Amino acid sequence: MDKTKIRFLTTAVFIVLLSIIGCKQQKQQLPTKNEAIVKTLGYAKGFTIVKEASGVTVITITSPWPNAGAAFTYALIPKEKLATITLNKAAYDAIVSVPVERIVATSTTHIPALEALGVENRLVGFPNTDYISSKTTRERIASGEIKELGSNEALNTEMTLELQPDLVVGFSINNQNSAYETLQRSNIPVVYNGDWTEETPLGKAEWIKFFAPFFQMERKADSIFKGIETSYTEAKELAKKSTSNPTVFSGALYKDVWYMPGGKSWAAQFLKDANSNYLWSATEETGSLSLSIESVLEKAQNAQFWVSPSQFTSYQNMKEANRHYQQFGAFKNKRVFTFAKTMGDTGGLLYYELAPQRPDLVLKDLIHILHPELLPEHQLFFFKPLD
Amino acid sequence: MEACQLTVGYRTKKARNSVASNINFALGQGELMAIVGVNGAGKSTLLRTLGKVQPQLSGEVFLNGKNLANYSPMALAAEISVVLTEPIASKNMTVEELVALGRQPYTNWVGTLNDDDKSKIKTAIWMLELEALQHKKCYELSDGQLQRAMIARALAQDTAVILLDEPTTHLDLYHKVQILKVLKSIAHETKKTVVFTSHEIEMAIQICDTMLLLDPTAHTFGPPCKLIEQRAFERLFPADTVSFDAKTGSFKIEK
Amino acid sequence: MGSANTYRLNFILLFVALLLCTGINISLGSVSIPLEETFTSLFGGTLENTSWDYILWNYRIPKAFTAILVGSGLALSGLLMQTLFRNPLAGPFVLGISSGASLGAALLIMGASLFSGLSIFSFVNDVSLAIAASIGSFLVLMAVMVVASRVKDTMTLLIIGLMFGSITAAIVSVLSYFTDAEKLQQYIYWSFGSVGNLSWSQLSLLLGIIFIGTILSLVSAKSLNALLLGENYAQSLGVNLKKSRFYIIIATGILAGGITAFAGPIAFIGLAVPHLTRQIFNTTDHRILLPAVLIYGAILMLLCDTVAQLPGSANVLPINAITSILGAPVVIWLLVRKRKMVF
């Protein structure tokens, strides 16, 4: 053969070899693009988020209510991908196209997350709007931008249908809410928010990451939570520095039963993290204990602090309600603190609304009360001394 | 209709309470029979047993040669009709509707009346002289009128036997006689066997073909004159208070 | 009272009234939808405002159907009970059937504390609630039937039914005492009764139940008329007492039990509508009363639901309260006017 032909052949072989090697390398890169990313959650146990390569985010609620038998999976598809992706409807409990522009929420605990993410103006309906304390949202209610929808148990189906929201964030104690079923039949997705089942302070706050994918604001949520987490852990470390370990108890009588937060409850954990000796911290309950006045008196008569005595706002009220309250040392020494005095304009308690989202403020309040020397300049946010 | 060694009474879980026992009688078609006796002798019990309203304690009753126990309720409804002492539960129907209920054994599942039914109803109303009242509601009637309506209903049921329990109680003398005369004409003209219980022994003697006298010692059965001959009535009441005059067929107070 | 023609005319008027009430019920609700839009949508047109379309077809129309079925079924079972027991105070729940359904629902919603660990209790949803309520009423019905076959006197049966009702209500009380607030609230909301939010498949099931109950009642029309004279007379007319009692009780059980399972315990309709119908039609003939009571029951239920929706406001009143508040004065007025109860 001649020289030109040989040269041509070798370059051809060369090119072929190169492309084969090149292809091999590319093949090695492709698998990483197809992997789904699982979001890391440090504290929340009630949900998981998986972002698939296709762009679909899958949220699984493992704990919509206590002792839930099954989990709920929701698929979130970005609006621009709606045409190209088809999902198996039967595999998901709801399919939501994001970002959501019009949202209906059903619990005041949902409001702070929306406000923190800056999407509170997308809230169009809420049952029992009177419970909401947040000033910004109250203004929107007053101007009619948020429609009153009745109550969660008996959600006004007609008005919700008229609102045509993109999403309804609901909560329930079981899967029996016929209004939700009607909404879902009308192609309005309903998702269950289980933040109230979360048992730790930071776990509850982490649910802001549950809301984030619906508005495509995952990064913002992450940074907001990081801020809260840091603030909380710093306060916790600070509390450890105190040399005192004051005794604390909580709750009050309802008829003949004293409801005392259990040792593993959300409220009890704050007390523990604030470096106090919560007298019932040894119990295993995550809910409330039902105690008799005798057992409480016996154990807590000389406790130094009394935190959250039910709905009472003044010493006079408590005296009139039950004369036994005067037997407690904390009562006599006026060391009783409550969150019931911090209310919104229409009577909603701010604590129930904002505390789950801002556990750092709760902790700082408690530290200021229980260890005054540690945070002398802190202004009490939720808890106030009884009148 | 005939009864053989019939014992009637009440059965409870613990005991059989026999009210009257060893009753025997035989009736033919078109006869009018009265069952009489003192209070508690068992007249109503016997009548209700004959109508299968309550079960007998022992013995048998035959209707047209067939044992009463072998009749189904539907078949029996075509053979025996009753007029009882209990008040009806709803007085809000018209007389015509009440009488029409008597045709139930013969109508279809929805109760439509055919021409035959309608004519039987009409006849019953006419026989009991209820034409003027037929569109009135039962609660608007007097006791006597209501009684006549109940009899008309039994008549409309067109059965071989009509049993009536105390049909003349609460009625004045005129109406008592009226009812008894109607019963007699029903028996003789339509050839139905009519059996009734009554306290009106004197009237029964005058009007009935046969009588059954329930007496704890011995029951007597037969035509009234025969019973008078047998001095059955004299044994009925304590002689120092009430005595029976065989010639007039009436009771007299002993002073 | 009287001619077939008067009855025919009355029924035609009634039917027209029923259509009218259905129309009113569909047109009014929390959201104000203009009448022309309602008509356009009903007769096949599409609306610009799609949410109104949704509301009409996915909420109001199923609700209206449910109200019709519930009202007619309850009224029918009430009539059956009043005639069987020859008691004007009887209603469909006199045999303890709604108490049985309430017990079933209560056990499902609140029983978790008693039977902790049984995983079925976590599967509370619409269907399971209906099933639990049906099982509850069915069990009570069975108990009643067993007793009915052993007890000769119908009055005794009435008392026993009331006793069953007391027992089940007591058990529910105990459950309520030990349960937590949310579960109790949910149970109470169920007990308020509701005709909204039934799916089309549940609706067709309910239709089937009402249908069966109605057929059983129609078949018993003749014996019901005979029972008006009393049981002994009825028997002398050839009525098989055991069999007819059986059919009537089963029909009532199916109707009242099925309705309570789907719509919760709805009071008053079963008791009042038979009285209303008897007064207005002035007859006791069940061949007239049975169909009449169906239509009147439906009309009353539709009207009560329309009021309960509180047209224009977001709140909705519990239908149980409305049926009594609206129904009782009507019955009182009727009785006072006529000065005599027609029974």
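Residues numbered from 1 in each chain as written. Chains lettered and ligands numbered in written order. Predicted model: local features only at pLDDT ≥ 70, side-chain atom pairs only at ≥ 80, totals over all residues. Heavy atoms only, no water.

1. Digging into the overall build of chain B
Turning to step 1, where the next piece is worked out: A count of helices and strands for chain B gives eight helices and 12 strands.
Turning to step 2, where the next piece is worked out: A globule of 255 residues ought to have a C-alpha radius of gyration of about 18 Å, and chain B, at 19 Å, matches this closely.
Turning to step 3, where the next piece is worked out: Structurally, chain B occupies a C-alpha span of about 55 × 40 × 35 Å along its principal axes.
Turning to step 4, where the next piece is worked out: Each of the 255 residues in chain B was classed as buried or not, and the buried ones make up 52%.
Turning to step 5, where the next piece is worked out: Excluding contacts between residues fewer than 6 apart, the proportion of contacts in chain B whose partners are at least 24 apart in sequence is 64%. (Helix = DSSP H or I, 4+ residues; strand = E, 2+ residues; numbered from the N terminus. Rg over C-alpha atoms; globule rule 2.2 N^0.38 Å. Buried < 20%, exposed > 50% of the residue type's maximum accessible area, 1.4 Å probe, protein only. Contact = heavy atoms within 4.5 Å.)

2. A look at a nonpolar patch on the surface
Turning to step 1, where the next piece is worked out: On the surface, a cluster of nonpolar side chains totalling about 780 Å² of accessible area is made up of B:Trp109, C:Phe211, C:Ile212, C:Ile215, C:Leu218, C:Val219, C:Phe246 and C:Tyr247.
Turning to step 2, where the next piece is worked out: When contributions to the nonpolar patch are tallied by element, the ones reaching two or more residues are α8 (200-219) and α11 (241-263) of chain C.
Turning to step 3, where the next piece is worked out: Of note, C:Ile212 is situated in helix α8.
Turning to step 4, where the next piece is worked out: Judged by relative accessible area, which is 44%, C:Ile212 ranks as partly exposed. (Patch = residues over 30% accessible without salt bridge, like charges linked within 9 Å, V, L, I, M, F, W, Y side chains within 5 Å. Areas by Shrake-Rupley, 256 points an atom, 1.4 Å probe, with all protein chains shown as cover. Salt bridge = Lys/Arg side-chain N within 4 Å of Asp/Glu carboxyl O.)

3. Concerning the sheet that holds strand β5 (residues 94-98) of chain A
Residue and element names in this part refer to chain A.
Turning to step 1, where the next piece is worked out: Taken together, the five strands give an open sheet; going across it, the order is β1-β2-β3-β4-β5, and neighbouring strands pair in mixed fashion. A strand with exactly one partner marks an edge of an open sheet, and here the two such strands are β1 (37-38) and β5.
Turning to step 2, where the next piece is worked out: By the bridge criterion, two bridges tie β1 to strand β2 (residues 47-51) in an arrangement that is antiparallel. What sits directly across from valine 38, in β2, is valine 50. (Pairing = 2+ DSSP bridges.)

4. Here we look at the packing of aromatic side chains
All names here are of chain A.
Turning to step 1, where the next piece is worked out: Enumeration over the complete set of coordinates arrives at 43 aromatic pairs over all chains.
Turning to step 2, where the next piece is worked out: Ring geometry for tyrosine 315 against phenylalanine 331: centres 5.2 Å apart, planes inclined by 80°, an arrangement best described as edge-to-face. You can see tyrosine 315 sitting in helix α11 (residues 315-321) and its partner phenylalanine 331 sitting in helix α12 (residues 329-332), a full 16 residues away along the chain.
Turning to step 3, where the next piece is worked out: Accessibility expressed as a relative area gives 6% for tyrosine 315, which makes it buried.
Turning to step 4, where the next piece is worked out: Ring pairs connect the aromatic residues Tyr232, Trp266, Phe270, Phe339, Tyr351, Tyr352, Phe381, Phe382 and Phe383, which therefore count as one cluster.
Turning to step 5, where the next piece is worked out: We note lysine 204 situated over the ring of tryptophan 266; from NZ or CZ to the ring centre the distance is 4.9 Å.
Turning to step 6, where the next piece is worked out: The ring of tyrosine 315 is capped by lysine 334, whose NZ or CZ atom sits 4.5 Å from the centre of that ring. (Phe/Tyr/Trp six-rings, centres within 6.5 Å; stacked < 30°, edge-to-face > 60°. Lys NZ or Arg CZ within 6 Å of the ring centre and 35° of its normal.)

5. Structural notes on the nonpolar core
Turning to step 1, where the next piece is worked out: A:Phe210, A:Phe214, A:Phe249, A:Trp258, A:Trp280, A:Trp306 and A:Phe382 are the most contacted members of the largest nonpolar core, which totals 159 residues.
Turning to step 2, where the next piece is worked out: Each of domain 1 (37-228) and domain 2 (242-385) of chain A gives at least three residues to this core.
Turning to step 3, where the next piece is worked out: In this structure, A:Trp280 is in contact with A:Phe249, A:Met260, A:Pro261, A:Gly262, A:Gly263, A:Leu289, A:Leu291, A:Ser295, A:Val296, A:Lys299 and A:Ala300, ignoring residues within four places of it in sequence.
Turning to step 4, where the next piece is worked out: In this structure, B:Met33, B:Ala204, B:Ile207 and C:Leu227 belong to the second largest nonpolar core, which totals 110 residues. (Core = buried A, V, L, I, M, F, W, Y, C linked by side-chain atoms within 4.5 Å. Domains from an automatic or database assignment.)

6. Observations concerning the interface of chain A and chain C
Turning to step 1, where the next piece is worked out: Contacts between the two partners involve 29 residues from chain A, matched on the other side by 29 residues from chain C.
Turning to step 2, where the next piece is worked out: Buried area between chain A and chain C, summed over both chains or domains, comes out near 2500 Å², and the portion from carbon and sulfur atoms is 54%.
Turning to step 3, where the next piece is worked out: Remark: the boundary between chain A and chain C carries one salt bridge.
Turning to step 4, where the next piece is worked out: Measuring nitrogen to oxygen at the nearest pair gives 2.6 Å for the salt bridge that ties A:Glu158 to C:Arg60.
Turning to step 5, where the next piece is worked out: The interface formed by chain A and chain C holds eight residue pairs in polar contact (both at pLDDT 80 or more) in total.
Turning to step 6, where the next piece is worked out: Mapped onto the side of chain A that touches chain C, the elements with two or more residues apiece are α4 (157-163) and α5 (178-185) of chain A.
Turning to step 7, where the next piece is worked out: Here the side of chain A that touches chain C is composed, by residue class, of eight nonpolar, 15 polar and six charged. (Buried area = accessible area lost by both parts, 1.4 Å probe. Polar contact = N/O pair within 3.5 Å; in protein donor to acceptor, adjacent residues only side chain to side chain. Nonpolar A, V, L, I, M, F, W, Y, C, P; charged D, E, K, R; others polar.)

7. A short note on helix α3 (residues 50-84) of chain C
All names here are of chain C.
Turning to step 1, where the next piece is worked out: For α3, spanning 35 residues, the distance from its first C-alpha to its last is 50 Å, which sits close to the expected 51 Å at 1.5 Å a residue.
Turning to step 2, where the next piece is worked out: The largest bend in α3 is about 35°, located at leucine 56.
Turning to step 3, where the next piece is worked out: For α3, the buried fraction is high: 29 of the 35 residues fall into the buried class.
Turning to step 4, where the next piece is worked out: Following α3 by one or two positions, arginine 86 adopts a phi angle in the positive range, close to 45°. (Expected span 1.5 Å × (residues − 1). Bend = angle between axes of the 7 residues up to and from the residue.)

8. Side note on helix α7 (residues 208-215) of chain A
All names here are of chain A.
Turning to step 1, where the next piece is worked out: Counting buried residues in α7 gives eight out of eight residues, a clear majority hidden from the surface.
Turning to step 2, where the next piece is worked out: Of the residues making up α7, those classed as buried are Ile208, Lys209, Phe210, Phe211, Ala212, Pro213, Phe214 and Phe215.
Turning to step 3, where the next piece is worked out: Looking one or two residues beyond α7, the residue adopting positive phi is glutamine 216, at roughly 55°.

9. A closer look at the side chain of C:Gln186
Turning to step 1, where the next piece is worked out: For C:Gln186, the position within the fold is in helix α7 (residues 181-191).
Turning to step 2, where the next piece is worked out: Taking relative accessible area as the criterion, C:Gln186 reaches 2% and is therefore assigned buried.
Turning to step 3, where the next piece is worked out: The contact partners of C:Gln186, leaving out residues within four places of it in the chain, are A:Glu153, A:Ser172, A:Ile173, A:Asn174, A:Gln176 and C:Ile109.

10. Brief notes about the environment of A:His110
All names here are of chain A.
Turning to step 1, where the next piece is worked out: Turning to its location among the elements, histidine 110 is positioned in helix α2 (residues 110-116).
Turning to step 2, where the next piece is worked out: According to the relative accessible area criterion, histidine 110 is buried, its value standing at 0%.
Turning to step 3, where the next piece is worked out: Remark: the alpha-carbon pair of histidine 110 and glycine 55, spanning 55 residues in sequence, is separated by 25 Å.
Turning to step 4, where the next piece is worked out: Side chain to side chain, histidine 110 and asparagine 193 meet in a polar contact 3.4 Å long.

11. Points about the environment of B:Ala124
Residues and elements named next belong to chain B.
Turning to step 1, where the next piece is worked out: With respect to the secondary-structure elements, alanine 124 resides in helix α4 (residues 115-127).
Turning to step 2, where the next piece is worked out: Alanine 124 sits 25 residues away from valine 99 along the chain, and the two C-alpha atoms are 7.8 Å apart.
Turning to step 3, where the next piece is worked out: Not counting residues up to four positions away in its chain, the partners in contact with alanine 124 are Val99, Ala152, Leu155 and Ala156.

12. A few points about the confidence of the model for chain C
All names here are of chain C.
Turning to step 1, where the next piece is worked out: This prediction gives chain C a mean pLDDT of 85; 93% of its residues lie at or above 70.
Turning to step 2, where the next piece is worked out: Between the elements of chain C, mean pLDDT differs from a low of 81, seen in helix α14 (residues 319-338), to a high of 94, seen in helix α13 (residues 286-308).
Turning to step 3, where the next piece is worked out: Taken over the whole predicted complex, pTM reads 0.81, whereas the ipTM for its chain interfaces reads 0.88. (pLDDT = per-residue confidence, 0-100.)

13. Some thoughts on the sheet that holds strand β8 (residues 193-197) of chain B
Residue and element names in this part refer to chain B.
Turning to step 1, where the next piece is worked out: Spatial ordering of the open sheet is given by β6-β7-β8-β3-β9-β10, a layout of six strands whose pairing is mixed. The open sheet terminates on both sides in strands that have one partner only, identified here as β6 (80-83) and β10 (220-222). Between one strand and the next, the sheet's axes are offset by a mean angle of 15°, whatever the strand orientation.
Turning to step 2, where the next piece is worked out: With four bridges joining them, strand β3 (residues 32-37) and β8 adopt parallel strand pairing. In the strand pairing of β8, methionine 33 is matched with valine 195.
Turning to step 3, where the next piece is worked out: Contacting β3, β6, β7 (161-164), β8 and β9 (210-214), helix α1 (residues 43-50) crosses the sheet at an angle of about 140° to β3.
Turning to step 4, where the next piece is worked out: Along the sheet, helix α5 (residues 143-156) contacts β6 and β7; its crossing angle with β6, the most-contacted strand, is approximately 175°. (Axes fitted to C-alpha atoms, helices over the stretch in contact; angles between N-to-C directions.)

14. Observations concerning the interface of chain B and chain C
Turning to step 1, where the next piece is worked out: Taken together, the 37 residues of chain B in the interface contact 24 residues of chain C.
Turning to step 2, where the next piece is worked out: Regarding the contact of chain B and chain C, the summed buried area is about 2500 Å², with carbon and sulfur atoms giving 56% of it.
Turning to step 3, where the next piece is worked out: Of all residues in chain B, the largest losses of buried area upon contact with chain C belong to B:Asn92, B:Gln104 and B:Trp109, amounting jointly to 22% of the total for that side.
Turning to step 4, where the next piece is worked out: Counting every contact that joins chain B to chain C gives zero salt bridges.
Turning to step 5, where the next piece is worked out: Counting across the interface, chain B meets chain C through 10 residue pairs in polar contact (both at pLDDT 80 or more).

15. Quick look at the pairing of β2(A)
All names here are of chain A.
Turning to step 1, where the next piece is worked out: Relative to strand β3 (residues 57-61), β2 is paired through five bridges, and the arrangement is antiparallel. Paired with lysine 51 across the bridge in β3 is threonine 57.
Turning to step 2, where the next piece is worked out: Linking β2 back to β3 in an antiparallel pair, the connection comprises five residues, with glycine 55 at a positive phi of about 105°.

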